[in-house]
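Structural characterization, general
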Amino acid sequence: MMDGAAWLLEAALATLFAAVPASVLGRRISYAVSFVGSALLLAAAVVVLVSGPFTALQYTGPFGETQTLGLDALSAFFALAAAVVWMGASAFSISYDERPGGGLARAFALTLGSIAVLFAAGNFLLFLAAWEGMTLASFWMIVEASGRKGPVFSAGFVFLAFGEGSTLLVALSVAGFHAATGMFAMVDVLALPVSTGIFLCALVGFGLKMGVAPFHMSEWLPIAHSSAPSNASSVLSATLTLAGVYGLFRVISLLPVGPVWWGAVVLAIGAISALLGALFASVSEHVKGLPAYSTIENNGLVLVALGVALVARSQGLETLYAFALFAAFFQALAHAVAKGALFLFTGHVEHVTGTFDLNEVRGRVLRGSPGASLGGLISALSFAAAPPLAGFVGEWMILEALFQSYRFVGPAAEFLGLLAGAAVALSLGLAQVAMVKLVGFSLLWNPLRASSPRPTPGLGAPLAALSGVVIALGVGAPWVLTFIAPAVQNLSHQALSAPVGQLLDLPTGWSILSGSPFGILSPPAVPIGIALGSLVGLGYFLLGGGRAARRVPVWVSGRAPSPVEGTYTAFGFSTGIRIMLGSLLGTREVQRRSGGITAVAIASPEVYNVELEVLDVFKLFYDDLVLGGLAFSRALKAFLMPGRPGRYLAYVLITVLVVLVYLTAAG
Amino acid sequence: MPSWIGQAIKRGILTSRFPRGPGSEDELPETSRPPVLSPTSDPLPTLTRATGDCPTGAIDPDGLHHGKCVRCARCTRKGFVFAGPAHPCADSREGLYAPGGGPLPEHRNASPLAPLGRSLQLFLVDAGSCLACNLEVLALANPYYDSSRLGITFVNSPHHADVLVVVGIPTDPLLGPLRRAYEALPGPKAVLAVGACALEGGIFRGNPGTRAPLSDTVPVDLFVPGCPPTPLDILQGVLTLAGRANRLPEVHP
């Protein structure tokens, strides 16, 4: 069995990388090879979760260290989530990618391969190499379609800047491991002062990849992810951020039980990210920007669950710790699968309508492919936490974990739990607004009866399959939790009184217990309830219940609304939020005039618009940072390199002297 | 302590007790009451003499049309006095016609909004007024009349309103918006026409670019005459629409 699993992993990695040269034969062949490789990785991950970890390959690396490629339960869990998304994305790309040449397919395959190696790496050096490979391949994927110019190209460089910052911090944290243990293998660190530095570097470094606050907003995640081609966005948003989650979980699994403030920091960052992500998602009109902000929100939720777990662990609350960890894992899984599907759906929107503006899409998408529309609907509903989908179960678990923050010891921790709970609850509500907006204005709302453009064969099936996974994960959540218990156990192996599964009484049959005793949820019973409720509603409808809706035109100050004006816009949908939460969003009115003098413009409001602009406070910070950095380097240049030969000769002399002194002292 | 708190305590409650008690209308001009034939004058000759003097044609030899009257007081020289019952209103244009120039009968029937009970939202449309009626309508929201104590508030969209309050003579550019606003009201709904211009056109009747009366454009449920009507006249009209006027004590300041 072990040999079989090792063979599966080797074959998966080889196949994933084989897709890079395969693009020479044609991009479709390359995507098909990626699909096969992902399927093999999925099989290997399932084998690990069922029957235990293994090492596939062992060799001596360039620095004399022992390199291993293999999967343990923790990495298998993340490989499984990623492989499911990749299968969908590869199958989708076969029909989606119509760009000439195989450039995008090459970058796509390289990204997949790098992330797979990242999961399989049993050594921090290989991990770092894969991390950097993943960053570069993702950068390639983003700029591949941009034609080397324009905003997408520069967004790619923003992505690269943050990505390299992330690599730097991850490398620092790896250096901390080396300092503590003397080797690069992934072994436990037990000394706390060292581990605090490692923890902080890892949190910020991996947090950069996850796109959480304050490294998130307006800049790299929403812009870079949403300006890439849609299959690339899917891989980036669902699995690149997942790689960040994996890195953080891996590092935490190797650290000792930390002080309470570790968990408090994670909890605070997570809650702020969730709130800001949901807030900006709900006021976004960009078909891809909206899910990208939602990614920030969901990664924030993962951090919230992790933060609750860490605080609980530090304070010895083992049951809450186990439940919050399960919540974090489940949320990561639910987000990856649903977000992969949602970004593929945006590719479908792009394919059908050729625009990313929700105000322009207007329901034309439904005439494209029914399967793709269903996939978009199901995945968006999952993010809106509609039962019985995966997102619902994940968010229920996180809220349940937060409800139990009253168990925290000390008023400060309790108060933090309270604030985080309020922020998370608000962000879940805002996420519903965002998702209703996305689905409503792309699928359900077709006021202009716009005719449908291109048919889209081949885009529906992968999306429908992914949405099936989302439903299955939600309905079968109790069994999924039992299935991933080895991975959770792997993260939490240090000195618990019992394995995490036993702490939660897994397997619990048809339901999930959130503590002993606290809440209970039975995901499989939810669809039954929904079916019964639908029957009642159907009966009421058939018996003549319900009332015909009265349709009236929209009120635009008494003017006759134009066909476009006469319909509800995506912008108008969330203007209430723009105004009510203006202090958080920095909303301000901007007057735009498309011509003529003001008096004329007021008389004909069509050419005189008052728009509401929102602003991210963090963007101001980054803008100042960039300006300050430029000014500093300019001043430094003027001081160090004024163009005088004498000064350059002095530099050479000083360098020689310093080297001589150093050699003398060392010798 | 901020001075306004002390002042407020010193002054006491200034808000009108209307409709629970008399509104203090002592300082209103006498033209705030509808005109009636002076008890001392003989109806037929007086009406005939005043007919020619009335600038809006409110007076004819048979009677007085309160909807057309702009309270210009020219007829007081011919035997009329401003002493009719306060707060007149009617649910039809004919209901405002007083044969023989006597007082209008008390009108207490029209209450299409009775199911709405104690909360009414008003949407004000100025169809072409001189702004006098606007001032009087909006005075309902000031601290003295304070209509919100009766559950009556103003809203910014007809989608949220129960009552369309129309002031001014309907002008051509506003006919479309008027109809759209009426369409936009959710049911049950009512239209309250306020002031002589909205009722019959007032002194602008027949001018080019106007379309009096309002009831040709939208169905009107209640007419409140006056030029302009006082805020209490309008408040009484709104309460009548809601079926709340019957439950009130008789109001004769």
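Residues numbered from 1 in each chain as written. Chains lettered and ligands numbered in written order. Predicted model: local features only at pLDDT ≥ 70, side-chain atom pairs only at ≥ 80, totals over all residues.

**Examining the overall build of chain B**
- Counting its secondary structure elements, chain B contains 6 helices and 10 strands.
- The C-alpha radius of gyration of chain B comes to 19 Å, within 12% of the 18 Å expected for a compact globule of 253 residues.
- Taking the principal axes of the C-alpha coordinates as reference, chain B spans close to 65 × 45 × 30 Å.
- Counting the 253 residues in chain B, one finds 45% classified as buried.
- The long-range fraction of contacts in chain B, counting pairs at least 24 apart against all pairs at least 6 apart in sequence, stands at 78%. (Helix = DSSP H or I, 4+ residues; strand = E, 2+ residues; numbered from the N terminus. Rg over C-alpha atoms; globule rule 2.2 N^0.38 Å. Buried ≥ 20, exposed ≤ 12 C-beta atoms within 10 Å, placed from the backbone. Contact = placed C-beta atoms within 7 Å.)

**Description of the overall build of chain A**
- Counting its secondary structure elements, chain A contains 26 helices and 6 strands.
- Every one of the 667 residues in chain A was classed for burial, and the buried ones make up 51%.
- Long-range contacts, defined as pairs at least 24 residues apart, comprise 79% of the intrachain contacts of chain A with a sequence gap of at least 6.

**What about the pairing of strand β9 (residues 190–194) of chain B?**
All names here are of chain B.
- The buried fraction of β9 is high, at 5 of 5 residues.
- The alternating pattern of β9 places Ala190, Leu192 and Val194 and Val191 and Ala193 on opposite faces, both of which are buried.
- Relative to β9, strand β8 (residues 163–168) is paired through 5 bridges, and the arrangement is parallel. Bridge pairing in β9 places valine 166 opposite alanine 193. (Pairing = 2+ DSSP bridges.)

**Side note on the interface of chain A and chain B**
- Contact with chain A, which involves 5 residues of that partner, is made by 9 residues of chain B.
- Split by residue class, the side of chain A that touches chain B holds 4 nonpolar, 1 polar and no charged. (Nonpolar A, V, L, I, M, F, W, Y, C, P; charged D, E, K, R; others polar.)

**Things to note about helix α11 (residues 289–314) of chain A**
Residue and element names in this part refer to chain A.
- End to end, α11 covers 37 Å across 26 residues, agreeing with the expected 38 Å (1.5 Å per residue, within 8%).
- Most of α11 is tucked away, with 26 of its 26 residues classed as buried.
- Glycine 316, located one to two residues past α11, shows a positive phi value of around 80°. (Expected span 1.5 Å × (residues − 1).)

**So, the confidence of the model for chain A**
- Taken as a whole, chain A shows an average pLDDT of 84; of its residues, 89% reach a score of 70 or greater.
- Across residues 595–608 of chain A, where pLDDT falls below 50, the model places 10 contacts with residues more than four positions away in sequence or in other chains. (pLDDT = per-residue confidence, 0-100.)

**Remarks on unusual backbone geometry**
All names here are of chain B.
- Residue phenylalanine 18 is joined to proline 19 through a cis peptide bond whose omega torsion reads 5°.
- Relative to the helices and strands, proline 19 is located in the loop between α1 (3–11) and β1 (35–37).
- Cis geometry is adopted by the peptide bond preceding proline 188, which originates at glycine 187 and carries an omega value of -5°.
- Positionally, proline 188 belongs in the loop between α4 (172–184) and β9.
- Phi angles above zero are rare outside glycine, and arginine 71 is one such case at about 55°.
- Relative to the helices and strands, arginine 71 resides in the loop between β3 (63–65) and β4 (80–82).
- The buried category is assigned to arginine 71, around which 22 C-beta atoms lie within 10 Å.
- Residues other than glycine seldom take positive phi values, yet leucine 131 does so here, at roughly 85°.
- Here leucine 131 lies in the loop between β6 (120–128) and α3 (132–138).

**Some points on the packing of helix α14 (residues 370–383) of chain A against helix α17 (residues 460–475) of chain A**
Residue and element names in this part refer to chain A.
- Relative to each other, α14 and α17 sit at 30°, their axes nearing to 7 Å. Classified by the angle between their axes, α14 and α17 sit roughly parallel to one another. The chirality of how α14 crosses α17 is left-handed. For the pair α14 and α17, the contacting residues are Pro370, Gly371, Ala372, Leu374, Gly375, Gly376, Ile378, Ser379 and Ser382 in the first and Gly460, Ala461, Leu463, Ala464, Leu466, Ser467, Val470 and Ile471 in the second.
- Class assignment for the residues of the contact of α14 with α17 results in 10 nonpolar, 7 polar and no charged. (Axes fitted to C-alpha atoms, helices over the stretch in contact; angles between N-to-C directions. Parallel < 35°, antiparallel > 145°, perpendicular 65-115°, else oblique. Left-handed = near helix turned anticlockwise from the far one by under 90°.)

**Re the domain arrangement of chain B**
- Examined at the domain level, chain B breaks down into domain 1 (33–84) and domain 2 (114–241).
- At the interface, 9 residues of domain 1 of chain B touch 10 residues of domain 2 of chain B. (Domains from an automatic or database assignment.)

**What to know about the sheet that holds strand β5 (residues 97–99) of chain B**
Residues and elements named next belong to chain B.
- Reading across the sheet, the 3 strands line up as β2-β3-β5 and stay open at both edges, with antiparallel pairing between neighbours. Among the strands making up the open sheet, the edge pair consists of β2 (59–60) and β5.
- The pairing of β2 with β3 spans 2 bridges and is classified as antiparallel. Bridging from a neighbouring strand, isoleucine 59 pairs with leucine 64 of β3.

**Some words on the confidence of the model for chain B**
All names here are of chain B.
- Looking at chain B as a whole, its pLDDT mean stands at 86, while 92% of the residues score no less than 70.
- Averaged pLDDT values over the elements of chain B bottom out at 84 in helix α2 (residues 43–51) and peak at 96 in β8.
- Under a pLDDT of 50 for its full length, residues 248–253 has, in the predicted model, 11 contacts with residues more than four places off or in other chains.
- In the model output, the complex is listed with pTM 0.79 alongside ipTM 0.77.

**With respect to the packing of helix α2 (residues 27–51) of chain A against helix α4 (residues 103–120) of chain A**
Residues and elements named next belong to chain A.
- Closest axis-to-axis distance for the α2/α4 pair is 9 Å, and the angle between their directions is 15°. As far as their axial angle goes, α4 and α2 are roughly parallel. For the element pair α2 and α4, the recorded crossing hand is left-handed. Contacts between α2 and α4 pair Arg27, Ser30, Tyr31, Ser34 and Leu41 from the former with Ala105, Phe108, Ala109, Leu112 and Ala116 from the latter.
- Looking at the contact of α2 with α4 residue by residue, the classes come out as 7 nonpolar, 2 polar and 1 charged.

**Some points on the nonpolar core**
- Ranked by internal contacts, the top residues of the largest apolar core, which has 217 residues, are Ala81, Ala305, Ala324 and Val337 of chain A.
- It is helix α12 (residues 318–353) of chain A that provides the largest number of residues to this core, a total of 24 residues.
- If we ignore the near neighbours within four places in the chain, the residues touching alanine 324 of chain A are Ala305, Val308, Ala309, Ala312 and Ala401 of chain A.
- Ranked by size, the runner-up nonpolar core spans 68 residues in total, among them Val36, Cys75, Ala98 and Leu192 of chain B. (Core = buried A, V, L, I, M, F, W, Y, C linked by C-beta atoms within 7 Å.)

**Re the sheet that holds β8 of chain B**
All names here are of chain B.
- Overall, parallel pairing links the 5 strands, which are arranged β7-β6-β8-β9-β10 in an open sheet. Two strands in the sheet have a free side with no partner beyond their single neighbour: β7 (152–154) and β10 (222–224). Direction aside, the axes of adjacent strands within the sheet are offset by 30° on average.
- Here β6 pairs with β7 via 3 bridges, running parallel. Among the inter-strand pairings, leucine 120 is bridged to a residue of β7, identified as isoleucine 152.
- In the packing of α4 onto the sheet, the strands contacted are β6, β8 and β9, and the crossing angle to β6 comes to about 165°.

**What to know about the environment of alanine 281 of chain A**
Residues and elements named next belong to chain A.
- Topologically, alanine 281 is positioned in helix α10 (residues 260–282).
- Put simply, alanine 281 and alanine 161 are 120 residues apart on the chain and 24 Å apart in space, counted from C-alpha to C-alpha.
- If we skip the residues at most four places from it in the chain, alanine 281 touches Leu290, Tyr293, Ser294, Glu297, Ala431 and Ala434.

**Considering the environment of isoleucine 115 of chain A**
- Within the secondary structure layout, isoleucine 115 of chain A lies in helix α4.
- Measuring from C-alpha to C-alpha, the distance between isoleucine 115 of chain A and tryptophan 7 of chain A comes to 19 Å, with 108 residues separating the pair along the chain.

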